[in-house]
Each structure stands twice: as C-alpha cells, then as structure tokens.
Amino acid sequence: MNRSAAAALAPSRTPDAAMSLAAATARKPGNRAGLELWLVDLQRASNLLAAIEARSGVLSADDIRRADTMADAALRNERRAAYIALRLLLERRLGEHVRGAAIERTPAGKPSLAGAEIAFSLAHTDGFALVGLGDHGPLGVDIEVARRLAIAEPRRDLMRAAARGLAGAELPAGLAPEPMLLAAWVRIEAVAKARGDGVARLLTALGLIGADRADAPSAAEVELRAGGIVQALGVTVTDIAGVTAAVAAPIGVPVSALVQFPTDWTAWSALAQLRT
C-alpha cells in the first residue's frame, strides 16, 4: 500500500470499527468456523509488538529482511510490526510449532505458510494492518486510509463498475467521491490478492488498463466481467464495516466481525491463552 500525506481515517479509533477483544476471547477454544479478521493499530500496538518480538523472536529471518528493505524508517517499523502481528495470529490459530516456518510467496507475492493448512492475507496501509485468516482459500483482504487516488475519469467510473460487479452490490451510500473510489479500490485489491497473480493482471482482465482507449469497455461490460471473475474464482466479496476495507473469501464461508488486535500486555495475555 502507498503511504499518504492525507489525514488518516483512524479506523481502529472509531468505536464501531472492531469487535471488542472481550467478545473475541469469549469464543470457545477449538472453534475454527468461519474466517477471522483482525485490525492492528500499528501505532498503539507498536510497543507491545516490539516487546513480544524481543522476548519470543517470532519473526523469521526472511520477515526481517523484507521489512528492512523499506527505505523509509517509519514504513519499515510499521511493516515489521505488521509481520509480528501476523506471526502471532498464525501461532494462536495453529500453535507455536509454526514459529519461524517459512512464508512462501508466489512471484506475484501471494503468501502461504510452509507445511500448514491455512489461508491468510495481510494488508498494510498508513498506520494500520488488516489480517485475514481462514482454513482454506482463496482469500484476500485490503484496507485503506483517506488519500487521493491520481485516477481520472473515465477510469474512475469503470473502477466503480468493477467494484459493483465483484461484490454484486452497490458501493456504500452517502460517500464523497474520493472515499467511494477507495471503497471500490479495496474490493478490487482484495480480489487481486485472492487470485494471487497481481493487481495489474486483474485490472487488465477487467478492462481497466487502457480505459482511455476508444475501444475501452463500457461500465456495464466491466461490471459483467467482474461478476464472471469472482464466480470463476469461487469467492464472495464483502465490505468490512467500520473501515474502508474489503475481504474476498470462499463462497459460503462465514466472515467473523472485525476484531481489534490487543495493544497492551493484559489484553494480549488473555487472547494468547485461547486457540481459535
């Protein structure tokens, strides 16, 4: 995700953005039905995540290397924190035996955990991370904070049409043009991650690359293409309430409410004692 100088929406600081941790930890151990969604406030949780990493060393050498490739120090620290949160959630679901297991990636970047039957997706935007975990894929998540996308019409109209077709639903009502375009974008990015072959290929399949050509598809054609893509992939695309985010998950798999990742030791200790 690109960083932005625009003011962040700060989704995890909105009361209705995520289920309370108490509700999440009330689930019985061994209940792995459905798909988990976790919102990580990378600022508020940074000290906790750094302390856990210092104590337990959950990151692999490759995780550290990938985070360290970021030139910007703030982005590098956020990416490292996001990787720690992902690793902790994977251990919580699967057990500590997966600590340090290689996260393999396709050429387009789609991750999988070596030797484990789990699907997961990580999205990182300015100050926040979103993690999706499920027993099987395809699975993709995406999240955005407020920023302006340098996209001109008619491509904006086609993006909105694509988003409608992918989710089989209108975009959230009452949004200004920029937030609505971001709401469209997260649907597109979530599907791209579920496909695992990169957003450029999805945009090409939708007809959004070269949308200013005379032979560019109409909005109706793009919407129809989008519906065919998710049908072939076997996913349902759902907006995540309270944030500008979306998830593409296997058809029929229930999606749990968004849960706020802990930001202090007490909350983390309570969560870590339970397995999903």
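Keep in mind it's a predicted model, so treat the numbers as computed, not measured. (Residues numbered from 1 in each chain as written. Predicted model: local features only at pLDDT ≥ 70, side-chain atom pairs only at ≥ 80, totals over all residues. Heavy atoms only, no water.)

Peer 1: Please give an account of the nonpolar core that cites residues and values.
Peer 2: Ranked by internal contacts, the top residues of the largest apolar core, which has 33 residues, are Leu49, Leu113 and Phe261. Broken down by element, the residue count for this core peaks at 10 residues, all from helix H4 (residues 73-94). The next biggest cluster of nonpolar side chains, apart from the first, holds 29 residues, and it includes Leu149, Leu182, Leu208 and Val237. (Core = buried A, V, L, I, M, F, W, Y, C linked by side-chain atoms within 4.5 Å. Buried < 20%, exposed > 50% of the residue type's maximum accessible area, 1.4 Å probe, protein only. Helix = DSSP H or I, 4+ residues; strand = E, 2+ residues; numbered from the N terminus.)

Peer 1: Break down the pattern of salt bridges for me, citing the residues and quoting the values.
Peer 2: Scanning all chains against the criterion turns up 16 salt bridges. A salt bridge links aspartate 62 to arginine 65, with the nearest nitrogen and oxygen atoms 2.7 Å apart. In this pair, aspartate 62 and arginine 65 are both assigned in helix H3 (residues 61-68), 3 residues apart and thus about one turn of the helix distant. On the accessibility criterion, aspartate 62 (29% relative accessible area) is partly exposed. Look at arginine 65 and you get partly exposed, because its relative accessible area is 46%. Two residues, aspartate 197 and arginine 195, come together in a salt bridge whose shortest N-O distance is 3.0 Å. In this structure arginine 195 comes out as partly exposed when scored by relative accessible area, which is 28%. (Salt bridge = Lys/Arg side-chain N within 4 Å of Asp/Glu carboxyl O.)

Peer 1: Can you explain the packing of helix H6 (residues 177-195) against helix H7 (residues 199-206)? Please cite residues and give values.
Peer 2: Orientation of H6 relative to H7, taken along the N-to-C sense of each, is 110 degrees, at an axis distance of 9 Å. Taken together, the axes of H6 and H7 are roughly perpendicular relative to one another. For the pair H6 and H7, the crossing hand works out as right-handed. When H6 is examined against H7, the residues Trp185, Ile188, Glu189, Val191, Ala192 and Arg195 are found in contact with a partner set consisting of Val199, Arg201, Leu202 and Leu203. Of the residues assigned to the contact of H6 with H7, the class counts are 7 nonpolar, no polar and 3 charged. (Axes fitted to C-alpha atoms, helices over the stretch in contact; angles between N-to-C directions. Parallel < 35°, antiparallel > 145°, perpendicular 65-115°, else oblique. Left-handed = near helix turned anticlockwise from the far one by under 90°. Contact = heavy atoms within 4.5 Å. Nonpolar A, V, L, I, M, F, W, Y, C, P; charged D, E, K, R; others polar.)

Peer 1: Before we move on, can you summarise unusual backbone geometry with the specific residues and values?
Peer 2: Look at the link from glycine 137 to proline 138: it is a cis peptide, with omega at 5 degrees. Mapped onto the elements of the fold, proline 138 is located in the loop between strand E5 (128-134) and strand E6 (140-144). A cis geometry characterises the amide bond from glutamate 153 onward to proline 154, with omega recorded as 10 degrees. With respect to the element layout, proline 154 can be found in the loop between E6 and helix H5 (155-167).

Peer 1: So what about the sheet that holds strand E8 (residues 244-250)? Which residues, and what values?
Peer 2: Sheet architecture is open: 3 strands sit in the order E6-E8-E7, paired in antiparallel fashion. The strands lining the two open edges of the sheet, one partner per strand, are E6 and strand E7 (235-239). Each adjacent strand pair in this sheet contributes to an overall mean axis angle of 10 degrees, direction not counted. Summarising the sheet, E6 and E8 pair through 5 bridges and their orientation is antiparallel. Opposite isoleucine 143, over in E8, you have alanine 245 as the bridge partner. Across the sheet, H6 lies against E6, E7 and E8, angled at about 150 degrees from E6, the strand it touches most. (Pairing = 2+ DSSP bridges.)

Peer 1: With reference to specific residues and values, describe the environment of valine 141.
Peer 2: Within the secondary structure layout, valine 141 lies in strand E6. Between the C-alpha atom of valine 141 and that of leucine 130, which follows or precedes it by 11 residues, the distance is 7.1 Å. Those residues within four positions of valine 141 in sequence are excluded, and the remaining contacts are Leu37, Ser121, Leu122, Ala123, Leu130, Gly132, Ala190, Lys193, Ala246 and Val247.

Peer 1: Could you give an account of the sheet that holds strand E1 (residues 35-41), with specific residues and numbers?
Peer 2: Across the sheet, which stays open at both edges, the 4 strands sit in the order E4-E5-E1-E9 with mixed pairing between neighbours. Two strands lie at the open edges of the sheet, namely strand E4 (119-125) and strand E9 (255-260), each paired on one side alone. Pairwise comparison of adjacent strand axes, ignoring direction, gives a mean angle of 15 degrees for this sheet. Relative to E5, E4 runs antiparallel, the two being bridged by 7 bridges. Each bridged residue has a counterpart across the sheet, and for serine 121 the counterpart in E5 is glycine 132.

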